[in-house]
Amino acid sequence: MDTQIILIGLAGVLASSAPIIFATIGETFAERSGVINLSLNGTILLTAMAGFAVAVSTNSLVLGFLAGALIGGLVALIVAFSSITLKQSQVAVGFILALTCRDLAYYLGNPFMGLQGPRVPSLPIPGLADIPIIGVIFFQQDILVYASFLLIIVAYVFIFKTRPGLMLQGIGEKPATAFVRGANVNRMRYFYTVLGGMLAGLAGPMFSLSVKAGWKGTISGLDGFGWIALALTIFGGWNPLRAAFGAYLFGLLQWLGLVLQPSLPNIPSQVLQVAPFPLMILTLLLVNIGNAEWVDRTLAALPEKTRKWLANLLRSLRTSPPASLGVPFENE
Amino acid sequence: MTMMKTSSRWSGIGFQALAVLLALGFTTLVMLISGADPLQVYQNIISGAVGSPVKIADILVAWTPLLLATAGLLLTFTAGLWNIGIEGQITLGAIFTTWALRVLQPTDLPPALIMGIGFLAGALGGMIWAGLVALLKIFGNVNEIFGGLGLNFVATALTIWLIFGPWKRPGVGSMSGTEPFPLELWLPTLPGFRLSPLSLALGIIAIAVVYVLLRGTYFGLRLKAVGRNGRAAYLMGIPTTRYMLLAFLLCGLMAGLAGATQVLAVYHRLIPSISSGYGFLGMMVAMLVNYQALWAAPVALFFAALNIGSIQLPIVLKLDSSLSGVLQGSLVLFVLLMDGVRRRLTRNQ
């Protein structure tokens, strides 16, 4: 395989990971505030369909993305309202929405199946695009991919380096303390859940107007990305940088699956496309197993040197969720 | 005291009725947005579900795996577990059943025995897949939602690989599935119908067993304790991990049987979407009945009727049949929301 194909492939990995990065970072915001929005898979399908339908009908890409953000925010608002105000199970409501939004997308998207729609144009950055190697990979993309680079950095800086970001961490970790310090915990949870939903709602049109342009109903190949984004949120340890790394790794694996396809003719493409899922389980196992009690006990029995090495390895991989994730807050 | 209880029960029913109205209103709105005539659509769904004896029997065919899945899920939900992996467990059941049949088909064993072994193999397949989720959760701290989801995708890939690879039809593999089994390996059906009384009985027995288990046994009581407060249950001396593992295995067993009935009584081969989404639908049923076994059977029957009723929508009205999913989902959602509203109002009183 010559270098040019590899470079274009890597550029494709960055592009196809962009929607997943939006969804994952959106979910990271919601979960940092203490709310799990399990509806992502439905949100992405519904907004992919709606964004495409709006863009086709109005011939406006901007309106398509706007529709996506709006619907994503609305679905997240249902999750926020039912869990924060009505104190119902977040997981239950999110799961129901994941399924219902998916069916809604397939039902309402029926008339738009297979239509020719607008597509986000590529936008090489003058000067930077001509740099050898790096130019092809990073700077001959469309605006969405540049937006995903920006989002990773902005989200990271916001969460870890700004006052509101520290407050966001606070309402997810110790809501009572944050409340005493003057934070309106529930209102902030509403805000970040809806913000996260809007970011995830942009992921749908990013697929249907760019990465996998068009709407093809059940064979659009988008079913599953929402669940991946949810898993990547955990893998990323609620850190945008690490989450983005996970998203790129996932994209790389899917690309490798496609590249390897011709040399493995006996394996249907559908099988290689799911190859990342067992890996997803494995990585979740790696980042979680350090929290298990029996591991501590087993480690204690090992010789000093091995024990230290293994413990350090597990600690560096381990992630722990915000302490009050999924726990309603009562300000009494 | 009694009066208060009665009035709260009545207000509960009132809010549930309101939830049903809201769900119908929402679904009607969705139909209007798509440019369909709601009356015509509802009429079609009803006639598609109960328009002829064959269709009514088809509802029972769909009810069977849904009952099995719901029955299993009631156990995991009671233990406080989200067994989203049930779809994969149904699929693995179907794979194991197909496998057993393929291996035993050339032998001289009587067909009834082969099918019996097929059921056992299906149950085993479901239990293995559920056991994996349980082990990942108990020993790896991997949340059962993600372990289960990942294994669902793996199960689907495994099915497709088998259909296009080792078990492909003579000639070339296709999405229509593996080569159908000979007639003697089909579970007997009522003459003129697709309904197999034996598999229907299996579904009814499963939900009845779960009802009794949860209602009147020490096991059910302890399972509830684990689900309500695992830490407290552990301190009281209940081996929580063992109970969680048991709940998963029993649910996997029933899901595996659901997969077995799909192969033995419905499709007579392995197809790519062999689980038909009954696992996720079972989760919806369990949520809608607030995890109470008593109401699970009639609600599952209603959901099965909606599924069958919507089959002819694409042919007659050019609408996607996923509309039944919209109605089912909005029903569960509004019932949950209205329950929250009612609690909030009574709290504030």
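Computed from a prediction, not measured in an experiment: that's the story for all the values here.

Trainee: Could you clarify how one ought to interpret the overall build of chain A in this entry?
Mentor: A count of helices and strands for chain A gives 15 helices and zero strands. Relative to its length of 332 residues, chain A is compact, with a C-alpha radius of gyration of 21 Å against a globular reference of 20 Å. For chain A, the spread of C-alpha atoms along the principal axes amounts to about 55 × 50 × 45 Å. Here chain A, with 332 residues, has 55% of them falling under the buried criterion. For chain A, the share of sequence-separated contacts (at least 6 apart) that also reach a separation of at least 24 residues comes to 77%. Of the roughly 14500 Å² of accessible surface on chain A, a fraction of 68% belongs to carbon and sulfur atoms. Averaging the coordinates of the 19 positive side-chain charges in chain A and doing the same for the 13 negative ones gives two points 7 Å apart.

Trainee: Please explain the interface of chain A and chain B as it appears in this structure.
Mentor: One widely used convention gives an interface's size as the accessible area the parts lose upon coming together. Taken together, the contacts link 42 residues of chain A with 48 residues of chain B. Across the interface of chain A and chain B, roughly 3900 Å² is buried in total on both sides, 80% from carbon and sulfur atoms. Counting across the chain A and chain B interface gives eight residue pairs in polar contact (both at pLDDT 80 or more). Elements supplying a minimum of two residues to the side of chain A that touches chain B: helix H3 (61–85), helix H4 (90–108), helix H10 (225–235), helix H12 (269–273) and helix H13 (276–289) of chain A. When residues in the side of chain A that touches chain B are grouped by element, the largest group, 13 residues, is from H4 of chain A. Here the side of chain A that touches chain B is composed, by residue class, of 29 nonpolar, ten polar and three charged.

Trainee: I'm lost on the packing of aromatic side chains in this one. Help?
Mentor: The way to describe two aromatic rings as a pair is by their centre distance and the angle between their planes. Scanning the model with the defined rule gives 19 aromatic pairs over all chains in all. Arranged with centres 5.5 Å apart and planes meeting at 25 degrees, the rings of phenylalanine 219 of chain B and tyrosine 243 of chain B form a pair that is stacked. Of this pair, phenylalanine 219 of chain B sits in helix H8 (residues 218–228) while tyrosine 243 of chain B sits in helix H10 (residues 240–267); the two residues are 24 residues apart in sequence, bridging distant segments of the chain. Ring pairs connect the aromatic residues Phe95 of chain A together with Phe77, Trp82, Phe280 and Tyr291 of chain B, which therefore count as one cluster.

Trainee: Looking at this structure, how should I read helix H3 (residues 53–78) of chain B?
Mentor: A turn of α-helix holds 3.6 residues, and therefore any two residues three or four places apart point the same way. Residue and element names in this part refer to chain B. With 26 residues, H3 ought to run about 38 Å at 1.5 Å a step, and its terminal C-alpha atoms sit 36 Å apart, in line with that. At tryptophan 63, H3 shows its largest bend, some 25 degrees, and a proline, proline 65, comes one to four positions later. When you tally the buried positions in H3, you get 21 out of 26 residues, the bulk of the element. Directly after H3, the chain includes glycine 80, whose backbone phi takes a positive value near 80 degrees.

Trainee: Sorry, what's going on with the environment of alanine 19 of chain B here?
Mentor: Residue and element names in this part refer to chain B. If you trace the backbone, alanine 19 turns up in helix H1 (residues 2–33). According to the relative accessible area criterion, alanine 19 is buried, its value standing at 0%. When residues no more than four places from it in sequence are discounted, the contact partners of alanine 19 are Phe334, Val335 and Met338.

Trainee: Help me understand the packing of helix H1 (residues 3–32) of chain A against helix H9 (residues 185–211) of chain A in this model?
Mentor: Each pair of packed helices can be described by the angle between their axes along with the distance between the axes. All names here are of chain A. Between H1 and H9, whose axes approach to 7 Å, the crossing angle comes to 170 degrees. As judged from the angle between their axes, H1 and H9 are roughly antiparallel. From H1, Ala15, Ser16, Ala18, Pro19, Ile20, Phe22, Ala23, Gly26, Phe29 and Ala30 reach across to H9, where they touch Tyr192, Thr193, Leu195, Gly196, Leu199, Ala200, Leu202, Ala203, Met206, Phe207 and Val211. Partitioned by chemical class, the residues of the contact of H1 with H9 number 17 nonpolar, four polar and no charged.

Trainee: Quick question: what am I supposed to make of the nonpolar core here?
Mentor: Here is a general trend for soluble globular proteins: nonpolar side chains tend to be buried in one another's company. Counting 215 residues, the largest nonpolar core has Phe95 and Trp215 of chain A together with Val41, Trp82, Met283 and Phe303 of chain B as its most contacted members. Domain assignment of the residues forming this core places at least three in each of domain 1 (8–36 + 327–349) and domain 2 (38–318) of chain B. In contact with tryptophan 215 of chain A, not counting residues within four places along its chain, are Leu45, Ala48, Met49, Phe52, Ala105, Tyr106, Gly109, Phe112, Met113, Gly114, Ser220 and Leu222 of chain A. Counting six residues, the second-largest nonpolar core is a separate cluster that includes Ala292, Val295, Ala311 and Leu314 of chain A.

Trainee: Is there a simple way to think about the pattern of salt bridges in this case?
Mentor: If the charged atoms of two oppositely charged side chains come close together, the side chains can form a pair. Residues and elements named next belong to chain B. Enumeration according to the criterion identifies eight salt bridges over all chains in this entry. In this structure, arginine 169 engages glutamate 179 in a salt bridge whose closest nitrogen and oxygen atoms are separated by 3.7 Å. Here glutamate 179 lies in the loop between helix H6 (144–164) and helix H7 (197–216) and arginine 169 lies in the loop between H6 and H7, a separation of ten residues in the sequence. The class of arginine 169 is partly exposed, set by a relative accessible area of 24%. Aspartate 339 is paired through a salt bridge with arginine 343; the nearest N and O atoms lie 3.0 Å apart. Of the two residues, aspartate 339 and arginine 343 are both situated in helix H14 (residues 323–348); the distance of four residues between them amounts to about one turn of the helix. The exposure class of aspartate 339 is partly exposed, given its relative accessible area of 21%. Taking the relative accessible area as the measure of exposure, arginine 343 reaches 43% and is therefore partly exposed.

Trainee: For this particular structure, what's the right way to read a nonpolar patch on the surface?
Mentor: Nonpolar side chains collect at one region of the surface, where Leu128, Ile131, Ile133, Ile134 and Phe138 of chain A lie side by side and expose about 400 Å² of accessible area between them. Here leucine 128 of chain A is to be found in the loop between H4 and helix H5 (134–138).

Trainee: How should the domain arrangement of chain B be read in this particular structure?
Mentor: Residues and elements named next belong to chain B. If you check the domain split of chain B, you get domain 1 (8–36 + 327–349) and domain 2 (38–318). The distance between the C-alpha centroids of domain 1 and domain 2 comes to 28 Å. The interface is formed by 13 residues belonging to domain 1 together with eleven residues belonging to domain 2. For domain 1, the biggest contributors to the area lost against domain 2 are Met31, Gln328 and Val332; these three give 50% of the whole. Remark: the boundary between domain 1 and domain 2 carries zero salt bridges. Remark: the boundary between domain 1 and domain 2 carries four residue pairs in polar contact (both at pLDDT 80 or more). Mapped by element, the contributors of at least two residues to the side of domain 1 that touches domain 2 are H1 and H14. Classifying every residue of the side of domain 1 that touches domain 2 gives nine nonpolar, four polar and no charged.

What counts and what doesn't
- Residues numbered from 1 in each chain as written.
- Chains lettered and ligands numbered in written order.
- Predicted model: local features only at pLDDT ≥ 70, side-chain atom pairs only at ≥ 80, totals over all residues.
- Heavy atoms only, no water.
- Helix = DSSP H or I, 4+ residues; strand = E, 2+ residues; numbered from the N terminus.
- Rg over C-alpha atoms; globule rule 2.2 N^0.38 Å.
- Buried < 20%, exposed > 50% of the residue type's maximum accessible area, 1.4 Å probe, protein only.
- Contact = heavy atoms within 4.5 Å.
- Areas by Shrake-Rupley, 256 points an atom, 1.4 Å probe, with all protein chains shown as cover.
- Lys, Arg positive; Asp, Glu negative; His and termini not counted.
- Charge placed at Lys NZ, Arg CZ, Asp CG, Glu CD.
- Buried area = accessible area lost by both parts, 1.4 Å probe.
- Polar contact = N/O pair within 3.5 Å; in protein donor to acceptor, adjacent residues only side chain to side chain.
- Nonpolar A, V, L, I, M, F, W, Y, C, P; charged D, E, K, R; others polar.
- Phe/Tyr/Trp six-rings, centres within 6.5 Å; stacked < 30°, edge-to-face > 60°.
- Expected span 1.5 Å × (residues − 1).
- Bend = angle between axes of the 7 residues up to and from the residue.
- Axes fitted to C-alpha atoms, helices over the stretch in contact; angles between N-to-C directions.
- Parallel < 35°, antiparallel > 145°, perpendicular 65-115°, else oblique.
- Core = buried A, V, L, I, M, F, W, Y, C linked by side-chain atoms within 4.5 Å.
- Domains from an automatic or database assignment.
- Salt bridge = Lys/Arg side-chain N within 4 Å of Asp/Glu carboxyl O.
- Patch = residues over 30% accessible without salt bridge, like charges linked within 9 Å, V, L, I, M, F, W, Y side chains within 5 Å.

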